[in-house]
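Reading the structure
Below, each chain spelled out in residue letters.
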Amino acid sequence: MINNTLSGWMLIVIMMSISGCGESPSDLQLAQHAMAIEKNDECHICGMIIKGFPGPKGQLYKRGNESSLKFCSTRDMFSYLLDPEHQHAIQTVYVHDMAASLWDTPDDAFFIDARTAWYVAGHIRKGAMGPTLASFLDKNVATSFIEQYGGELYRFEDINQAVLLQD
Ligand code: CU1
Ligand code: ZN
């Protein structure tokens, strides 16, 4: 009985420190985790239902936000992200690691940090909106993707409108 009460209190104390009681929201380390793409989620750019289309998806959090914007394709995500109006407000960005996924059914357990991912543009595989960026955690996997499907290798910061528009 005493033990139960004690551990109950400890749990409350732990939970208070996790949720950061008393801090202002701007001080909080926001929980901007990669979320699963749900059945009815629509692409923030084109409005398509995201699920059921091939190719890697993206999602991002704007600074200070706790819900992510989701995109049907890495291409639509980058066109949002490269817009000068949004660019500086973006905090966290995720894309699928296609090494761990089938192209037609990307697995939401394998979202990775988009800023450190490797990208292939100009390959022959199609995403939800046609040509798209294939995204990978591992450079070697990206390179073998190129051997099979063509295209060129890019880092996050090298991607611009011209890269997005190539097919
Ligand atoms: Cu679309
Ligand atoms: Zn879209």
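Structure report, in brief. It should be emphasised that the depicted structure is a prediction, and the values quoted were computed from it without experimental measurement.

**A word on the coordination of the zinc ion (ligand 2)**
The zinc ion (ligand 2) binds to the protein through Cys43 (SG), Cys46 (SG), Cys72 (SG) and Asp76 (OD), with metal-donor distances spanning 2.0 to 2.3 Å. Metal-centred angles of 105 to 117° between the four donor atoms at the zinc ion (ligand 2) mark the site as tetrahedral. Ordering the donors of the zinc ion (ligand 2) by residue number gives the pattern C-x2-C-x25-C-x3-D. If you look at the zinc ion (ligand 2) and the copper ion (ligand 1), they sit 3.3 Å from each other and are both ligated by Cys46.

**With respect to empty space enclosed by the protein**
Over the atoms, a rolling probe the size of a water molecule traces out where space has been left empty. Under the counting rule described, the total for this entry stands at one cavity of 30 Å³ or more. Of the voids in this model, the largest cavity is the one considered here, and its volume is about 40 Å³. Arg75, Ala121, Gly122, Pro131, Thr132, Leu133, Val163, Leu164 and Gln166 are the residues that line the largest cavity.

The rules behind the values
Residues numbered from 1 in each chain as written. Chains lettered and ligands numbered in written order. Predicted model: local features only at pLDDT ≥ 70, side-chain atom pairs only at ≥ 80, totals over all residues. Heavy atoms only, no water. Donors = N, O, S within 2.8 Å, 3.2 Å for Na, K, Ca; no water. Tetrahedral: all angles 85-135°; square planar, octahedral: opposite > 155°, others 65-115°. 1 Å grid on protein atoms, 1.4 Å probe; cavity = no way out; pocket = protein on both sides within 12 Å on 5 of 7 lines; lining within 4 Å. Points joined across faces, edges and corners; volume = space filled by probe spheres on them.

Without other data, these values stay purely geometric and don't point to any function.
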